[in-house]
Amino acid sequence: MIDSPVVTRPADAVPFERFLAEHQVVVMRYLSAAVGPSDADDVFQETFLAALRAWPTATDDGRLDRWILRIASRKAIDHHRRAAGRPHPVHAVPEATGDAVEPPDDELWSAVGDLPDAQREAVLYRFALDLTYAEVGALMGSTPETARANVYQAMKKLRGVLR
Amino acid sequence: MTHETEMLRAVARAGVARAAAAAGGLAERAAGEGLLDVAVAETPSPVGSLLVAVTPRGLAAVVFDDEHREIVLGRIAREISPRILTSAAKTAEVRRELDEYFAGARRRFELRLDRRLMHPFASTVLAATSRVGYGRLATYGEIAARIGRPTAARAVGAALGSNPIPIVVPCHRVVGAGGKLTGYAGGLHRKERLLALEGSFLLPG
């Protein structure tokens, strides 16, 4: 999936606070699309807790965004495994107020969770983070063409999930 | 572009608004797992906004607002731990005692101190300084004498200037010979303000 960071200089003189402030938005965007908005906050905190635990020995290769997104990705996968073991939540019957009602889109998050790793990362980086194929490739250590092919395969599998 | 990928993009964008709140809740969970080594918060005061840094051992730093946060937090990260997060809860006791002090309702702080940002000599000087009570003054020479280094008044001055916990460790109560208002790392205007609050009278420096 994503390359291991190359050891260059230690990140340990950087206050975690600053790292969090720099990456909280990108991680929340990623996770909102990876696990759905209702579970994203919890997985977000699990992600940054894992990063905080590792922080004193983390190394900064200039791509700490890769590092935190890889942790987020693992936590999202853990979340999908746990969710797969639970019965699907029953959606409350919407009240007949005529207001727009959020669609029951758990199907979308479980379909995202079922994608092969490379396809899931590529489609989330492309759409949740609004990255170009070149940027998706750089983040995943692949060529832009491979990134594009992975996104295409993912879109094919996701198409028709929401009806 | 499909309906599904549009949905992914839309929920991702909507997530941006929740990032700060989720990040804010992190400190409590980190503390619960023993991962919050340094809790920080800004607190308003009559001498400007103060950054306070609290560890499980106690209060490690009080920082005036003209000191660069990046530099101070970088030093705390190197000398104590880089596991630093903003936390209202873990700094509440310190902020409350400071508020009471500035309201004139507290004459001594009852806070545990983390002395890891003090060099050994400064730690000795600052321990002696902590025994100078509210509304009282001592000279650099007196502090030097109290630590058994009567000729070290100048080194005492330097040590006081490095005090990482001003206000709570009352280096503002140490003045020049004859009660003159001399140097203060936080600026003489702050020293004057703190001493006026405590009812001390000073000769112009």
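Everything numeric here is computed off the predicted structure, so don't read it as measured data.

Once that is clear, we can look at the nonpolar core. Ranked by internal contacts, the top residues of the largest apolar core, which has 98 residues, are Y30(A), L31(A), A33(A), L124(A) and V52(B). By residue number, the principal contributor to this core is helix α1 (residues 16–35) of chain A, which donates 11 residues. For A33(A), the residues in contact, after removing those within four places along its chain, are L124(A), F127(A), A128(A), L8(B), V11(B) and A12(B).

Residue and element names in this part refer to chain B. At a minimum axis distance of 9 Å, the contact between helix α5 (residues 120–129) and helix α7 (residues 153–161) shows a crossing angle of 90 degrees. The angle between α5 and α7 falls in the class roughly perpendicular. Residues F121, A122, V125, L126 and T129 of α5 pack against A155, V156, A159 and L160 of α7. In terms of residue class, the contact of α5 with α7 is made up of eight nonpolar, one polar and no charged.

Time to look at the pairing of strand β2 (residues 50–55) of chain B. All names here are of chain B. Along β2, five of the six residues are buried, which leaves the element largely enclosed by surrounding structure. In this sheet, strand β3 (residues 58–63) lies alongside β2 in antiparallel orientation, the contact comprising five bridges. By the bridge assignment for β3, A53 is matched with A61. Between β2 and β3, which pair antiparallel and follow one another directly, the connecting turn spans two residues.

A word on the domain arrangement of chain B. Residue and element names in this part refer to chain B. By domain assignment, chain B separates into domain 1 (24–117) and domain 2 (120–197). For domain 1 and domain 2, the distance between their C-alpha centroids amounts to 22 Å. At the junction of the two partners, domain 1 supplies 16 residues and domain 2 supplies 12 residues. Among the elements that take part in the side of domain 1 that touches domain 2, β3 stands out by supplying four residues, more than any other. Here the residues of the side of domain 1 that touches domain 2 are counted per class, giving 12 nonpolar, one polar and three charged.

All right, on to the confidence of the model for chain B then. Looking at chain B, the pLDDT average stands at 93 and 98% of residues meet or exceed 70. With pTM at 0.86, the complex prediction returns an ipTM value of 0.86.

Interface extent is often summarised as the accessible area lost during association of the parts. Across the contact, 34 residues belong to chain B and 36 residues belong to chain A. Listing elements by their share of the side of chain B that touches chain A, those giving two or more residues are α1 (3–24), α2 (26–32), α3 (69–79) and β4 (84–86) of chain B. Sorting elements by how many residues they give to the side of chain B that touches chain A places α1(B) first, with 16 residues. Its residues assigned to classes, the side of chain B that touches chain A comprises 19 nonpolar, eight polar and seven charged.

Moving on, we get to the packing of helix α5 (residues 117–127) of chain A against helix α6 (residues 133–140) of chain A. All names here are of chain A. Running from N to C, α5 and α6 point in directions that differ by 135 degrees, and their axes come no closer than 9 Å. The pairing of α5 with α6 is recorded here as oblique in orientation. You can see that α5 and α6 cross each other, and the crossing is right-handed. Touching E121, A122, Y125 and R126 of α5 are V136, L139 and M140, all from α6. Its residues assigned to classes, the contact of α5 with α6 shows five nonpolar, no polar and two charged.

So, on to unusual backbone geometry. Keep in mind that most residues, glycine aside, have a negative phi and that most peptide bonds are trans. At D130(A), a position not held by glycine, the phi torsion is positive, near 55 degrees. Here D130(A) lies in the loop between α5 and α6. Take D130(A): there are 12 C-beta atoms within 10 Å of it, and that puts it in the exposed class. Despite not being glycine, I167(B) has its phi angle at roughly 75 degrees, a positive value. Taking the number of C-beta atoms within 10 Å as the measure of exposure, I167(B) has 22 and is therefore buried.

All names here are of chain A. By the assigned domains, chain A splits into domain 1 (10–88 + 105–114) and domain 2 (115–163). Taking only C-alpha atoms, the centre of domain 1 and the centre of domain 2 are 17 Å apart. On the side of domain 2, 12 residues touch domain 1, which itself brings 15 residues to the contact. Looking at the side of domain 1 that touches domain 2, the elements that each hand over two or more residues are α1, α3 (64–84) and α4 (106–114). Counting residues per element, the side of domain 1 that touches domain 2 draws most heavily on α1, at six residues.

Below, the discussion takes up α6(A). All names here are of chain A. For α6, the set of buried residues is Y133, V136, G137, L139 and M140. Buried positions in α6, seen along its axis, are confined to an arc of 165 degrees and lie on one side of it. Looking at the buried residues of α6, the elements they touch are α3, α5 and α7 (144–158). Just downstream of α6, G141 is the residue with a positive phi angle, here 70 degrees.

The subject of this paragraph is the sheet that holds strand β1 (residues 38–43) of chain B. With mixed pairing, the four strands of this open sheet are ordered in space as β3-β2-β1-β4 (chain B). Here the strands that pair on one side only, and so sit at the sheet edges, are β3 and β4 of chain B. Here the average twist between neighbouring strands, direction ignored, is 25 degrees. As paired elements, β1(B) and β2(B) share five bridges and run antiparallel to each other. In the sheet register, A39(B) faces β2(B), and the bridge partner there is V54(B). Along the sheet, α1(A) makes contact with β1 and β4 of chain B, crossing β4(B) at roughly 60 degrees. Along the sheet face, α3(B) touches β1, β2, β3 and β4 of chain B and points at about 155 degrees away from the line of β3(B).

Thresholds applied
- Residues numbered from 1 in each chain as written.
- Chains lettered and ligands numbered in written order.
- Predicted model: local features only at pLDDT ≥ 70, side-chain atom pairs only at ≥ 80, totals over all residues.
- Core = buried A, V, L, I, M, F, W, Y, C linked by C-beta atoms within 7 Å.
- Buried ≥ 20, exposed ≤ 12 C-beta atoms within 10 Å, placed from the backbone.
- Helix = DSSP H or I, 4+ residues; strand = E, 2+ residues; numbered from the N terminus.
- Contact = placed C-beta atoms within 7 Å.
- Axes fitted to C-alpha atoms, helices over the stretch in contact; angles between N-to-C directions.
- Parallel < 35°, antiparallel > 145°, perpendicular 65-115°, else oblique.
- Nonpolar A, V, L, I, M, F, W, Y, C, P; charged D, E, K, R; others polar.
- Pairing = 2+ DSSP bridges.
- Domains from an automatic or database assignment.
- pLDDT = per-residue confidence, 0-100.
- Left-handed = near helix turned anticlockwise from the far one by under 90°.
- Arc of directions from axis to C-beta.

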